[in-house]
Amino acid sequence: MAQHTPPLLLMLLLCTPSVSSSFQPALMLEMAKILLENYCFPENLVGMQEAIQQAIDSGEILQISDRNTLASVLTAGAQGALNDPRLTVSYEPNFVPVMPPSLPSLPAEQLIRLVRNSVQLDTLDNNVGYLRIDRVIGETTAAKLGSLLRDNIWNKVAHTSSLILDLRYCTAGELSGVPFIISYFSDPEPLIHIDTVYDRPSNKTRELWTLPSIMGERYGKKKDLIILTSKRTMGAAEAVAYTLKNLKRAITVGERSAGGSVKVQKIRIPKSEFYITVPVARSVSPITGHSWEVSGVSPTVNVIAKEAVAQAKSLLAIRSAIPKVVKSIANIIGRCYAFTDRVPAILQHLQSMDFFSVVSEENLAYRLNQDLQTVTEDPRLIIKYMEDNDAIEKEDFALDNFPDDLDSLKVLVDTMIKVEILPHNTGYLRFDTFFKSSAGPKLEELMAKNVWEPLKDTNNLIIDLRYNTDGSFTSLALILSYLQDTYQKHYFFTIYDKIQNTTTEYESLPRIIGPTYGSKRGVYVLTSYYTASAGEEFAYLIQSLHRGTVIGEITSGTLMHSKTFQIEGTNIAITVPFINFLDNSGEFWLGGGVVPDAIVLAEEAVEHVHEIADFHQGLKFLIEGTGVLLEKHYAIHKVALKVSKVLLSKWAEGLYRSVVDSESLASQLTADLQETSGDHHLHVFHCDVEPELLHDVPKIPTVEEVGYIIDALFKVELLPGNVGYLRFDMMADVEVVKAIGPQLIKSVWSKIVNTDALIIDMRYNTGGYSTAIPLLCTYLFDAEPLRHLYTVFDRTTTTMTEVMTLPQVRGQRYGSSKDVYILTSHMTGSAAEVFTRSMKDLKRATIIGEPTIGGSLSSRTYQIGDSVLYASIPNQVVLSAITGKEWSVSGIEPHVIAQASDALPVAQRFIATRHLKRRHEK
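**A closer look at the pattern of salt bridges**
A pair can form between side chains of opposite charge whenever their charged atoms are brought close.
Item 1. Taken as a whole, this structure holds 21 salt bridges when the rule is applied.
Item 2. The shortest N-O distance in the salt bridge between Arg282 and Glu43 comes to 3.1 Å. Linking Arg282 in strand 12 (residues 274-284) with Glu43 in the loop between helix 2 (23-38) and helix 3 (48-57), this pair joins segments that are 239 residues apart in sequence.
Item 3. Judged by its relative accessible area of 37%, Glu43 falls in the partly exposed class.

As structure tokens, then:
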């Protein structure tokens, strides 16, 4: 509540400019003393008395002749300084304190009369209980009147179906009665800590808990409880409302409560007729960590107090309908939802949902929809609140009533379908709807003659679905059959209908009327934001079957194969997908918009078809050219042959029909190269100008640059236990290392060469030059014998080079007897990887961290034909010194797997454990 206030600020707010006075200083000091002894936030008063005394001694206090004005000034100062509106100072020369009699001390007859006057009980329609409490009685009074309260209130209330607890007029009461009321609406076990009260005058803290036993029947936790509040609701009643609301046991309806206090005292300032009102106790809820004091209890449903009862009745009516709504939804899902395997989990989830926060039909619909979307991850399963009450069962539109005579059929086909031959011998077929497959042989014959016959000899085919907003999926198999070769059977898609409990597989038709278009020529499907229903399915299938290229706008995304049902007696509707669509790969398609391969404005789609078709004409040449470069330059020839074959196979299967320009081709080629070879260094990129190749000769640093290079590349540290730590993030060329050798020995190597163990951190080293690897390795071995580290095969020169440790090095060797640990991450690659693998192969180091990136020593860039595409191809492969076989390009598996961020502490623990073990073995 109150925040710590600097003593000086309090002093300034409590004081005014100074003239000589003997009255005000005494009043100020006595007031400070009362606050220090009684204010419930003593921590906010630290230093106050000393600050006031200092102000008095400095002569800065002014006498105000008018006592009421002085009281107002003191009130404003206290409230402002301590941020507590309950602190007030008043001047009351005629004040006579009246002490109300303690309730427990009253005669039993008066207690009974008081309770009856402050409690009203009624049973409303639908067995809704109404209990109005205008005063919360304490535990002593409750014990004294136990049987009366039990028989006349609690046992009667217990048999109601739900309860409205009206605290709108409850302005008084005792905090000790709060646990009794809370216990009535909770279970006996476990006990609940509901409040902590600190009393400043006694400096004691009291915890309030629910009671293990009470007189009368408990209402329990299951039935609905609505608490009504108003601006007058104060004190213990606020504690009841606040606790039950935050325990999620009650819904509060009405106005924000008054924001009272646990205990406030009006204390006379000695030797004056001034009084200060001070909150002497404070409450902190263990449930929220906050309090209802001052700020009050905010209602769940905010209405003016006089409308609270009507609102509560309406709310209870809504809540009483929740089980029926949930049951109806469960029945509809069980009967209609296409994902039958998910139904048991959905029904179980519905039964276990917590509807405590539901306060309206709209709120209920939102909650149900949110939870079901989370559980099913199916965007088609939707629950909505529909105020216009117009939800209907939605059916897929399809033209059913076909005319029998040929002339009428011809008019129908001409209306729905348009055929043209565009420039460059490009066929154009516009479908504005898809007929049902049951339309009949007359319609099929007419389409064969008027549609497929004119298109049979075109170079490419445009299928325009930009205006296709409805239709039936049953004719898709027929149309797709025309786009395949008749000698081969093709599986297109499967439809599962939950309501009919049927599964239908759609394949290419064994016999079709008219000429087929075949599978070799290009097909370009145009879409718009209006493309919907079967039009979306056709566009999706063209992509999944790799039969064509989709160009245009993302489709409407309205296809869901769903039915919408109104929940009886409510404005809630549920949309349930009753059909599942499985594509040719067996993947479920949940509808939603189809994303074109080339996203362009719908009105510009035709123009883009010609550009993309021209690009596709040269596609095979570029793919073959990539394969030729691989076979000629890639380090592992057998892998190159395999990759080249796979690329052509994918092209033949139509997997490159989604490629629409050089950029997308580069991306697709890179993905296919890396997937097939396992080498992430293989990649193709697009560049409008010939890329500059990296210079092979490293620059030797000047004397001035040496210090900067060492500081930038190397980090060295001496860790506890005499463990050396060396991190370098780039593999420098051996000539550079030799040039900076003397300074490197002095400022880096000399600090760690005499350690008992060494950690080499390669987590951030993505590679560089491999020429320094033998030099670096040599320091970690003895002078004799020389060690074979690895062999390099260079495809460009067809040479094999054995890489050995060096016979001599500058400075002191680390030797082969002390432990070495290398830290790796998924970024460790290239030359850094070769160094790490050598050390692992030769069992010279323990590798800790993440598997490395995988790759080769060096790559070169080659232009693919005369295009703007370039291939970066690794041309060196490393062979193991132990097995003589090629090292895998898939990366190094560490001895100890750990997150890169944890690798260093893991290594330190590993070293400590190994050191301890060796000590015990001695």
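**Re the environment of Tyr764**
Item 1. Counting through the fold element by element, Tyr764 comes out in the loop between strand 30 (757-761) and helix 25 (773-778).
Item 2. As for Tyr764 and Arg727, which are separated by 37 residues in sequence, their C-alpha atoms are 8.6 Å apart.
Item 3. Ignoring anything within four residues of it in the chain, the contact list for Tyr764 reads Arg727 and Asp729.

**Focus: the environment of Leu630**
Item 1. As for its placement among the helices and strands, Leu630 is situated in helix 19 (residues 619-633).
Item 2. The spacing of Leu630 and Ala640 is 10 residues in sequence and 5.3 Å in space, taken between C-alpha atoms.
Item 3. Setting aside chain neighbours within four positions, we find Leu630 in contact with Ala640, Val643, Leu673, Leu682 and Ile873.

**Topic: the packing of aromatic side chains**
Item 1. Per the stated rule, a full pass over the model turns up 25 aromatic pairs.
Item 2. Both rings, one in Phe185 and one in Tyr219, keep their centres 5.7 Å apart while their planes meet at 70°; by these two values the pair is edge-to-face. Highlighted residues: Phe185 in the loop between helix 8 (178-184) and strand 7 (193-199) and Tyr219 in the loop between strand 8 (204-209) and strand 9 (225-229), separated in sequence by 34 residues.
Item 3. Of the residues examined, Phe185 reaches a relative accessible area of 1% and is grouped as buried.
Item 4. Taken together, the aromatic side chains of Phe473, Phe493, Tyr506, Tyr540, Phe581 and Trp589 make up a single cluster linked through ring pairs.
Item 5. Lying over the aromatic face of Tyr219, Lys223 brings its terminal NZ or CZ to 4.1 Å of the ring centre.
Item 6. Taking NZ or CZ as reference, Arg521 lies 3.8 Å from the ring centre of Tyr517, over its face.

**Quick notes on helix 10 (residues 308-320)**
Item 1. Over its 13 residues, helix 10 runs 18 Å from end to end, which matches the ideal 18 Å to within 8%, given 1.5 Å per residue.
Item 2. Regarding helix 10, the residues found buried are Ala308, Val309, Ala312, Leu315, Leu316 and Arg319. For helix 10, the arc enclosing every buried residue in end-on projection is 120°, short of the 170-degree limit, so these residues lie on one face.
Item 3. Residues of helix 10 that are buried in the fold lie against strand 3 (128-133), strand 5 (162-166), strand 9, strand 10 (251-254), strand 13 (301-302) and helix 11 (322-336).

**Description of the side chain of Asp485**
Item 1. Here Asp485 shows up in the loop between helix 16 (476-482) and strand 18 (491-497).
Item 2. Despite its burial, Asp485 pairs with no opposite charge, the nearest such side chain being Lys520 at 4.6 Å.
Item 3. One polar contact links Asp485 to Tyr487, side chain to side chain, over a distance of 3.3 Å.
Item 4. Once residues lying within four places of it in the same chain are set aside, the contact partners of Asp485 are His490, Gly518, Ser519 and Lys520.

**Here's the deal with helix 15 (residues 441-455)**
One turn of the α-helix equals 3.6 residues, which is why residues spaced by three or four share an orientation.
Item 1. Taking 1.5 Å as the rise per residue, helix 15 with 15 residues should run 21 Å; its terminal C-alpha atoms sit 20 Å apart, in good agreement.
Item 2. A maximum bend of about 35° is found in helix 15 at Ala448.
Item 3. Here helix 15 has its buried residues at Leu443, Leu446, Met447, Ala448, Val451, Trp452 and Leu455.

**Thoughts on the nonpolar core**
Item 1. The biggest cluster of nonpolar side chains holds 48 residues, and the ones touching the most others in it are Phe431, Trp452, Ile463, Leu483, Phe493, Val525 and Phe538.
Item 2. Considering every element that reaches this core, the biggest residue donor is helix 15, with seven residues.
Item 3. Once you skip the residues sitting within four places of it in the chain, Val525 turns out to touch Ile463, Leu465, Phe538, Ala539, Ile542, Thr549, Val550 and Ile551.
Item 4. Formed by 47 residues, the second largest nonpolar core is a distinct cluster that contains Met731, Val734, Ala772 and Leu842.

**Looking at the environment of Val748**
Item 1. Considering the arrangement of structural elements, one finds Val748 in helix 24 (residues 741-752).
Item 2. When the C-alpha positions of Val748 and Asp711 are compared, they lie 9.5 Å apart, and in sequence the two are 37 residues distant.
Item 3. Setting aside chain neighbours within four positions, we find Val748 in contact with Ile710, Phe714, Val716, Leu726 and Gln743.

**Some points on the sheet that holds strand 2 (residues 119-124)**
Hydrogen bonds along the backbone pair up the strands of a sheet, which may run parallel or antiparallel.
Item 1. With mixed pairing, the six strands of this open sheet are ordered in space as 2-3-5-9-10-13. Two strands bound the open sheet, and with one partner strand each, they are strand 2 and strand 13.
Item 2. Packing against the sheet, helix 7 (residues 146-157) makes contact with strand 2, strand 3 and strand 5, and its axis sits at approximately 35° to strand 2.
Item 3. Along the sheet, helix 9 (residues 236-246) contacts strand 5, strand 9 and strand 10; its crossing angle with strand 9, the most-contacted strand, is approximately 140°.

**Side note on the pairing of strand 21 (residues 549-552)**
Item 1. In strand 21, alternate side chains face the same way, and those of Thr549 and Ile551 on one face and Val550 and Gly552 on the other are all buried.
Item 2. Each parallel crossover has a hand, and for strand 20 (residues 522-527) linked through helix 17 (residues 534-544) to strand 21 it is right-handed.
Item 3. Bridge count for strand 21 against strand 26 (residues 598-599) is two bridges, and the pairing is parallel. For Gly552, the partnering residue across the bridge sits in strand 26 and is Ile599.

**Describing a negative patch on the surface**
Item 1. A cluster of like negative charges, contributed by Glu603, Glu604, Glu607, Glu611 and Asp614, occupies part of the molecular surface.
Item 2. When you line up the elements, Asp614 lands in helix 18 (residues 605-617).

**Overview of the sheet that holds strand 20**
Item 1. The sheet built from six strands is open, its strands ordered 15-16-17-20-21-26 with mixed pairing. Each edge of the open sheet is held by one strand with a lone partner, namely strand 15 (417-422) and strand 26.
Item 2. Judged from the five bridges that link them, strand 17 (residues 460-464) and strand 20 form a sheet pairing that is parallel. Paired with Asp464 across the two strands is Leu526, which belongs to strand 20.
Item 3. Set on the sheet, helix 15 makes contact with strand 15, strand 16 (426-431) and strand 17; between it and strand 15 the angle comes to about 20°.

**Considering the packing of helix 12 (residues 343-352) against helix 13 (residues 361-376)**
Item 1. The contact between helix 12 and helix 13 brings their axes to 11 Å, and the two run at 145°. Crossing angle aside, the handedness with which helix 12 passes helix 13 is right-handed. From helix 12, Ile346, His349 and Leu350 reach across to helix 13, where they touch Leu368, Asp371, Leu372, Val375 and Thr376.
Item 2. Taken together, the residues of the contact of helix 12 with helix 13 sort by class into five nonpolar, two polar and one charged.

The rules we used
Residues numbered from 1 in each chain as written. Predicted model: local features only at pLDDT ≥ 70, side-chain atom pairs only at ≥ 80, totals over all residues. Heavy atoms only, no water. Salt bridge = Lys/Arg side-chain N within 4 Å of Asp/Glu carboxyl O. Helix = DSSP H or I, 4+ residues; strand = E, 2+ residues; numbered from the N terminus. Buried < 20%, exposed > 50% of the residue type's maximum accessible area, 1.4 Å probe, protein only. Contact = heavy atoms within 4.5 Å. Phe/Tyr/Trp six-rings, centres within 6.5 Å; stacked < 30°, edge-to-face > 60°. Lys NZ or Arg CZ within 6 Å of the ring centre and 35° of its normal. Expected span 1.5 Å × (residues − 1). Arc of directions from axis to C-beta. Lys, Arg positive; Asp, Glu negative; His and termini not counted. Polar contact = N/O pair within 3.5 Å; in protein donor to acceptor, adjacent residues only side chain to side chain. Bend = angle between axes of the 7 residues up to and from the residue. Core = buried A, V, L, I, M, F, W, Y, C linked by side-chain atoms within 4.5 Å. Pairing = 2+ DSSP bridges. Axes fitted to C-alpha atoms, helices over the stretch in contact; angles between N-to-C directions. Right-handed = clockwise from strand over helix to strand, strands pointing away. Patch = residues over 30% accessible without salt bridge, like charges linked within 9 Å, V, L, I, M, F, W, Y side chains within 5 Å. Areas by Shrake-Rupley, 256 points an atom, 1.4 Å probe, with all protein chains shown as cover. Charge placed at Lys NZ, Arg CZ, Asp CG, Glu CD. Left-handed = near helix turned anticlockwise from the far one by under 90°. Nonpolar A, V, L, I, M, F, W, Y, C, P; charged D, E, K, R; others polar.

Bear in mind that shape data such as this cannot, by itself, settle questions of function.
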